[in-house]
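What follows is the residue order along each chain.
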Amino acid sequence: MHIDILTVLPELLESPFQHSIIKRAQEKNLLTVNIYHLRNWAVNEYGQVDDYQYGGGAGMVMMCEPLANAIESLSKGRKYDEIIYLTPDGESLNQKIANTLSLKENLLLICGHYKGIDERIREHYITKEISIGDYVLSGGELAAAVLVDTIGRLIPGVLNDETSALFDSFQDNLLAPPVYTRPEDFRGWKVPDVLMSGDHKKIDDWRLEQSLKRTKDRRPDINNE
Ligand code: ADE
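About the cut-offs
- Residues numbered from 1 in each chain as written.
- Predicted model: local features only at pLDDT ≥ 70, side-chain atom pairs only at ≥ 80, totals over all residues.
- Heavy atoms only, no water.
- Patch = residues over 30% accessible without salt bridge, like charges linked within 9 Å, V, L, I, M, F, W, Y side chains within 5 Å.
- Areas by Shrake-Rupley, 256 points an atom, 1.4 Å probe, with all protein chains shown as cover.
- Salt bridge = Lys/Arg side-chain N within 4 Å of Asp/Glu carboxyl O.
- Helix = DSSP H or I, 4+ residues; strand = E, 2+ residues; numbered from the N terminus.
- Buried < 20%, exposed > 50% of the residue type's maximum accessible area, 1.4 Å probe, protein only.
- Contact = heavy atoms within 4.5 Å.
- Near = heavy atom within 4 Å.
- Polar contact = N/O pair within 3.5 Å; in protein donor to acceptor, adjacent residues only side chain to side chain.
- Nonpolar A, V, L, I, M, F, W, Y, C, P; charged D, E, K, R; others polar.
- Domains from an automatic or database assignment.
- Pairing = 2+ DSSP bridges.
- Axes fitted to C-alpha atoms, helices over the stretch in contact; angles between N-to-C directions.

Peer 1: Tell me about a nonpolar patch on the surface, and name the residues and values.
Peer 2: A cluster of nonpolar side chains, namely L9, L12, Y135, L137 and L142, defines an oily patch on the protein surface of about 410 Å² accessible area. Structurally, L9 is set in the loop between β1 (2–7) and α1 (20–27). Residue classification places L9 among the partly exposed positions, given a relative accessible area of 31%.

Peer 1: Account for the environment of L107, naming residues and giving values.
Peer 2: Within the element layout of this structure, L107 appears in strand β6 (residues 106–111). A C-alpha to C-alpha distance of 6.4 Å links L107 and H2, two positions 105 residues apart in sequence. Not counting residues up to four positions away in its chain, the partners in contact with L107 are M1, H2, I3, D4, Y80, E82, I84, L101 and I151.

Peer 1: How would you sum up the site of the ligand? Please name residues and give values.
Peer 2: The local shell around the ligand consists of L86, T87, P88, I130, S131, I132, G133, Y135, V136, L137, G139 and A143. Take Y135: an N or O atom from its main chain is 2.8 Å from a nitrogen atom of the ligand. Compared with its free state, where it exposes 260 Å², the ligand has 96% of that area covered by protein. The set of elements that each furnish at least two residues to the shell around the ligand consists of β5 (82–92) and β7 (128–131). In terms of residues, the shell around the ligand owes the most to one element, β5, which gives 3 residues. For the shell around the ligand, a count of residues per class yields 8 nonpolar, 4 polar and no charged.

Peer 1: Help me get a handle on the pattern of salt bridges, residues and values and all.
Peer 2: Scanning the entire structure with this criterion turns up 10 salt bridges. One salt bridge in this structure joins R153 and D168, with 2.4 Å as the shortest N-O distance. Here R153 is found in the loop between α5 (141–152) and β8 (185–186), whereas its partner D168 is found in the loop between α5 and β8, with 15 residues between them in sequence. Residues joined in a network through salt bridges with shared partners are D89, R122 and E129.

Peer 1: Describe the domain arrangement of the chain, with residues and values.
Peer 2: Here the chain is described as being made up of domain 1 (2–152) and domain 2 (169–218). Put simply, the middle of domain 1 and the middle of domain 2, counted by C-alpha atoms, are 38 Å apart.

Peer 1: An account of the sheet that holds β7 is needed here, citing residue identities and associated values.
Peer 2: Pairing between the strands of a sheet is mediated by backbone hydrogen bonds and can be parallel or antiparallel. On the basis of which strands lie adjacent, the open sheet formed by 5 strands has the order β2-β1-β6-β5-β7 and parallel pairing. Among the strands making up the open sheet, the edge pair consists of β2 (32–37) and β7. Sheet twist, expressed as the mean angle between neighbouring strand axes with direction ignored, is 30°. Two elements, β5 and β7, share 5 bridges in a ladder whose sense is parallel. By the bridge assignment for β7, L86 is matched with I130.

Okay, here's the thing in structure tokens:
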């Protein structure tokens, strides 16, 4: 998979893709991430990419021209499956959307800033709008990093143990069960006996039961069974 990201703050995206699973995905050539500075398509020598909003009001709006030119120029080199705008009024990101996007070949992510981007860009170029939660970030970069992370780990072959993503929270609309590691007894706090039993059927049943309970207690909205 290839992901291009268009931003006015490339520095914010320097570190998130250089560690852990996303780093490994790139090393395995299963994922490439390119970051493009929107100022390369600025309307003047001052690097202008935003302007006051029509109708008045505080806050700048990212202009059509740099965004349109950037999107068109990047689209010449690559046929994007989706051009995604990260915005608090987009569709709420969830595991189902991440699963679907992880099967795409080419994505372009657009990070907004200030008051957002001119509506005409949304109407004419953007194919999908995604929010990472009901709160407002200063810009779309952190949201883009979250999106790349959640998609990247799902790309087939990225995780060593192919099955491990299947047991993540939210796959099958269930939260993951509790997990434990050594020592078996920490300050008198014991690991549940069933996990030490070696009986894999019993362990699977216990994990499913814990998942169902946890989901019912914490997120009854995601699983109604
Ligand atoms: N940009 C600002 N806030 C955002 C959010 N919650 N999700 C995605 N992009 C954003």
